[in-house]
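Notes for the structure review
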2 protein chains.
Amino acid sequence: MNDELLAKTNRMNLLFDFYELLLTEKQRTFLSYYVHDDYSLGEIAENVGISRQAVYEHIKRAESMLQEYEAKLGLLQKFEQRQKLMRELDEVIVSLDDDYQTKVRLLIEQIERID
Amino acid sequence: MNDELLAKTNRMNLLFDFYELLLTEKQRTFLSYYVHDDYSLGEIAENVGISRQAVYEHIKRAESMLQEYEAKLGLLQKFEQRQKLMRELDEVIVSLDDDYQTKVRLLIEQIERID
């Protein structure tokens, strides 16, 4: 199996931050080694004393759980939407328009609807 | 057992809204009858054809899961914090202070830190 078959992406890093407390301790540990500490499957297997295949299975399962939680709760998506709106809010304030009050209010409503 | 031993509160309603998709189908169904539709344990037992004790156990377990999710993810708490800050943001905008820009920026930072 190839390390690249498991997504060691920024997205997986973020999903791990949001949902790690919902994972089992084993899933959390292995995924942390793999995604946060950037160890390879082989290095983890060696450190923990199990087969590379077993490490792969744990991580694959953990990543699958993270995707499932995101599909159900959408925390990352909501976070990104909120961040985008906050950036727009910054822009509005900087320009100091005559219409600034209306625009800021509209943004606030959108932020509230995220939840 | 007494219906009042299970918290049929507004808080439980909110927790249910946030985490219902993480519950099992049975937990979701029973808790929805009890908290959303306001049925009594007896009425649910009658409708579903199981004992009142069994209904009680399902709901107690479901509520316990909701509390556990909140302890881990804190979605309700974060939501309430966000709402509070949004209200303060409203106040700031309405007053149209000379310092409004600094105040609004400070609030935005606090909102971002919630996640």
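The structure reproduced in this document is the subject of the present report. (Residues numbered from 1 in each chain as written. Chains lettered and ligands numbered in written order. Predicted model: local features only at pLDDT ≥ 70, side-chain atom pairs only at ≥ 80, totals over all residues. Heavy atoms only, no water.)

The next subject is the overall build of chain A. Assigned secondary structure in chain A consists of six helices and zero strands. Taken from N to C terminus, the helices and strands of chain A fall in the order α-α-α-α-α-α. The burial tally for chain A puts 39% of its 115 residues in the buried class. Excluding contacts between residues fewer than 6 apart, the proportion of contacts in chain A whose partners are at least 24 apart in sequence is 62%. (Helix = DSSP H or I, 4+ residues; strand = E, 2+ residues; numbered from the N terminus. Buried < 20%, exposed > 50% of the residue type's maximum accessible area, 1.4 Å probe, protein only. Contact = heavy atoms within 4.5 Å.)

Residues and elements named next belong to chain A. One pass over the structure, following the stated rule, counts eight aromatic pairs over all chains. Between F18 and F79, the ring centres sit 5.7 Å apart and the planes meet at 65°, which makes this aromatic pair edge-to-face. Here F79 lies in helix 5 (residues 75-95) and F18 lies in helix 1 (residues 10-19), a separation of 61 residues in the sequence. This pair shows no difference in class: F18 is buried, exactly as F79 is. In textbook terms, an aromatic cluster arises when at least three aromatic residues are bridged by ring pairs, as seen for F18, Y19, Y69 and F79. (Phe/Tyr/Trp six-rings, centres within 6.5 Å; stacked < 30°, edge-to-face > 60°.)

Within soluble globular proteins, side chains that are nonpolar generally end up buried alongside one another. Ranked by internal contacts, the top residues of the largest apolar core, which has 50 residues, are Y19 of chain A together with Y19 of chain B. Discounting chain neighbours no more than four positions away, the residues touching Y19 of chain B are L66, Y69, E70, L73, G74, L75 and L76 of chain B. Counting 16 residues, the second largest nonpolar core, distinct from the first, contains L85, M86 and I111 of chain A together with L85 of chain B. (Core = buried A, V, L, I, M, F, W, Y, C linked by side-chain atoms within 4.5 Å.)

Residue and element names in this part refer to chain A. Counted at 1.5 Å a residue, the expected span for helix 4 (residues 52-73) with its 22 residues is 32 Å, and the 31 Å between its end C-alpha atoms agrees. Listed as buried for helix 4 are V55, Y56, I59, A62, E63, M65, L66, Y69, E70 and L73. Phi turns positive one or two residues past the end of helix 4, at G74, with a value near 60°. (Expected span 1.5 Å × (residues − 1).)

Residue and element names in this part refer to chain A. Even without glycine at this site, D38 takes up a positive phi of about 65°. By the secondary structure assignment, D38 is in the loop between helix 2 (25-36) and helix 3 (41-48). Looking at D38, the relative accessible area reads 51%, which means it is exposed.

All names here are of chain A. For the structure on display, the rule yields two salt bridges over all chains. In this structure, the salt-bridge partner of K72 is E68, at a minimum N-O distance of 3.6 Å. Linking K72 with E68, this pair stays in helix 4, spanning four residues, or about one helical turn. For K72, a relative accessible area of 32% corresponds to the partly exposed category. (Salt bridge = Lys/Arg side-chain N within 4 Å of Asp/Glu carboxyl O.)

All names here are of chain A. Between helix 3 and helix 4, the shortest axis-to-axis distance is 8 Å and the interhelical angle comes to 110°. The angle between helix 3 and helix 4 falls in the class roughly perpendicular. In contact with L41, G42, I44 and A45 of helix 3, helix 4 contributes R52, V55, Y56 and I59. Considering only residue class, the contact of helix 3 with helix 4 consists of six nonpolar, one polar and one charged. (Axes fitted to C-alpha atoms, helices over the stretch in contact; angles between N-to-C directions. Parallel < 35°, antiparallel > 145°, perpendicular 65-115°, else oblique. Nonpolar A, V, L, I, M, F, W, Y, C, P; charged D, E, K, R; others polar.)

Glancing now at the side chain of E70 of chain A. Residues and elements named next belong to chain A. Of note, E70 is situated in helix 4. As a buried residue without a salt bridge, E70 has its nearest oppositely charged side chain in R11, at a separation of 4.9 Å. There is a polar contact of 3.1 Å between the side chain of E70 and the backbone nitrogen of Q77. Those residues in contact with E70 that lie beyond four places of it in its chain are R11, L15, Y19, L75, L76 and Q77. (Lys, Arg positive; Asp, Glu negative; His and termini not counted. Polar contact = N/O pair within 3.5 Å; in protein donor to acceptor, adjacent residues only side chain to side chain.)

Those residues of helix 1 (residues 10-19) of chain B that sit buried are M12, L15, F16, F18 and Y19 of chain B. Take helix 1 of chain B and look down its axis: the buried residues cluster within an arc of 165°, on one side only. (Arc of directions from axis to C-beta.)

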